[in-house]
Amino acid sequence: MGFLNDVVAWFLDPEQWSGNDGIPARVAEHLQISASAILVAAAIALPVGLFIGHFRRGTALAVGLANAGRAIPSYALLAILFAPSIVLTRGTAIDFRFLPTFLAMTALAIPPILTNAYVGVREVDTETVEAARGMGMRGREVLRHVELPLALPVILAGLRTASVQVVATAALGAVIGGGGLGRYIVQGIARHDDIRLFAGAAMVALIALVAELAFALLQRAAVSPGLRAGARAVPRRRTLSDGPQLDPADAR
Amino acid sequence: MRQLRMLALGALLAALFGACGTGGGGRTPGTSPGTPATGAPSASGAGATPGETQATQPAETGPAATGPGADVPPVRIGSAGFYESALMAEIYAQALEANGYQVERQLQIGPRDQTMPAIQAGEFDLMPEYIGSSLEFLNEGAGEASADSEATAERLGEVLAESEISVLGFTPAQDTNAFVVREETANEMQLEQMSDLAAVQTRLTWGLPPECETNPLCGGALSEEYGIDFDSIEIVELGACGAEIATALDEEAVDIGELCSTQPDIAQFGFVVLDDDKGTQPAENIAPIVRNDYLEQVDREAFAAILDEVSAAMTTEDLTALNVRVGVDQEDFDVVASDWLTENGFVVEGE
């Protein structure tokens, strides 16, 4: 267990917590890259996914795009984008190492968000949608008031998957000199420093887990109570013979 | 779909068979039946060849058409896993073949932790080595390699003698760490040697490898010998000698980068190599290392002379140019090697 002791000691060393190469700086960079990629990917993929799911058009295109996005290895994308990115970011405030990572992570995040958005909307019970239409709701209202809330669990699941993947894979950016927690991994390998390597990898995994848990909580909070897994379709009626009961709402 | 599958399978098999074609041929035993293995090398180092007993050393050893190598077992030549090493091995191989030796090639074996144990175990007889890195590998990083090529080669010879391996003559060419700038930068800031950097260090973006800080040859050399202050310079971390650092340097994302001195990118992009005036980098001349049990079966002096002549003609500029042909233009090793040997008069064209 000497190795783990060394790792703990590494984390406790105040030197690791200060400066440009310190843990807070690297974590911040990592979250920045991940968050911007996820946000942009969602901004692109959600509207497209909702459109496709609602109008039931362009499914083949969506499937094709999603599969293509999954098939392209992020590492290859980084290598391809490296040189063009230097040219593109010249004279701008954008770091040339940020751009390839950002683009590769966005490409990684789009497929799960897109797929889950259109599947989520498409899988909404057609009878429910019919009923809504029958009540006089127009298309856009149906999407906003019926399809979206019902599809929300699946959509959030897509965002959750995308986030965890992006947080975990953003470490790759370090291979082309980028920042984030991957720097510890790259340095650890280059310096034959197993402790640094392990610490970096552990931090990436930890943040990925935190992202997973955060989205789990978000899912619970955002989804209508009636739709949560385990909730009954019809609430059980209390009868006197059941004895003193808690309110069903409290019984969850 | 079925046809597609058959096609894919066929392509896979073709690729596998293709890969098997290159690389080492069958291994022959170290001695062939006709050659008595000499227990103790004679004072002059010449072994006995069947049919000839030489009481005295021949007065001169020059390239011979029938060759001292005509009746000896083939020399098995190995190399490390990258193209420069394979190229040098191919050059040595062809030079020996031109002198009547038979050669078996085992090129592109892998990194030094594979090749060194292999030659020590007798899996092959000869390979090109970089004297500095080789020494530091064998002495486990004891820091004995220095910028003095002679001293480093001598020390390497001492260490390898323990494994019954000899080091022959080394090349003027060195493939060592080099700090490199674009030509415009060199002109603008008047940079010729590493010592010129301290004055302009904050005006440059430094492309340094991730291990620089803890590597005495990088961070140590820069900060202690050349007065570079790591806290005040802007650093972009990219691995040394790679394509990324060369691209970043060429595209002006960094202004100074650590490359390898014979890297083809230097010739391609017209980079300027700054002279290591304080001698911080270890000598990395290339020399063939050869097993003694092979040398005992041949006329050692003749054998060494052939290779020494070839080594002496290989300069850093030559090697860089050859690397461009092999690494960038993707030409075959044997063609590039043969061209160089012909140009330098070691091989007569058409032979």
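For the structure, check the block above.
Residues numbered from 1 in each chain as written. Chains lettered and ligands numbered in written order. Predicted model: local features only at pLDDT ≥ 70, side-chain atom pairs only at ≥ 80, totals over all residues. Heavy atoms only, no water.

## Quick notes on the overall build of chain A
Applicable threshold: Secondary structure follows DSSP: runs of H or I at least 4 residues long count as helices, runs of E at least 2 residues long count as strands, and numbering of each begins at the N terminus. The classification of residues rests on relative accessible area computed with a 1.4 Å probe and restricted to protein chains. Under 20% of the type maximum is buried, over 50% is exposed, and intermediate values are partly exposed. The criterion used for residue contact is that any of the two residues' heavy atoms lie within 4.5 Å. Areas reported here follow the Shrake-Rupley algorithm with a probe of radius 1.4 Å; residue values treat only the protein chains shown as occluding.
Secondary structure assignment for chain A yields 9 helices and 0 strands. Per-residue burial for chain A yields a buried fraction of 37% across its 252 residues. Summarising the internal contacts of chain A: among those between residues at least 6 apart in sequence, 72% fall at separations of at least 24. Counting only carbon and sulfur atoms, one obtains 65% of the accessible surface of chain A, whose full area is about 14100 Å².

## Section: unusual backbone geometry
For arginine 56 of chain A, which is not a glycine, the phi torsion comes out positive at approximately 50°. When its relative accessible area of 40% is taken as the criterion, arginine 56 of chain A is described as partly exposed. Despite not being glycine, glutamine 190 of chain B shows a phi value in the positive range, around 55°. Position of glutamine 190 of chain B relative to the elements: it lies in the loop between α6 (183–189) and β6 (205–208).

## Describing the packing of aromatic side chains
Each pair of aromatic rings is reported with the distance of its centres and the angle of its planes. Condition: Classification of ring pairs rests on two measures: the distance between centres of Phe, Tyr or Trp rings, Trp counted by its six-membered ring, which must be within 6.5 Å, and the angle between planes, read as stacked under 30 degrees, edge-to-face over 60 and tilted in between.
Under the definition given, this model contains 11 aromatic pairs over all chains. Relative to phenylalanine 271 of chain B, the ring of phenylalanine 269 of chain B lies with its centre 5.5 Å away and its plane at 45°, an arrangement referred to as tilted. An aromatic cluster is defined as three or more aromatic residues linked by ring pairs; in this entry it consists of Trp10, Phe11 and Tyr184 of chain A.

## A closer look at the nonpolar core
Rule in force here: Here the nonpolar core consists of buried residues drawn from Ala, Val, Leu, Ile, Met, Phe, Trp, Tyr and Cys, with membership extended through side-chain atoms lying within 4.5 Å.
Counting residues in hydrophobic clusters, the biggest one holds 41 residues, and the most contacted among them are Phe82, Met105 and Ile113 of chain A together with Val180 and Ala248 of chain B. With 8 residues, helix α5 (residues 98–122) of chain A is the largest single contributor of residues to this core. Residues within four places of valine 180 of chain B in sequence aside, it is in contact with Leu249, Asp255, Ile256, Gly257, Leu259, Ile266, Phe271, Val272 and Val273 of chain B. Tyr101, Ile286, Val290 and Trp340 of chain B belong to the second largest nonpolar core, which has 38 residues in total.

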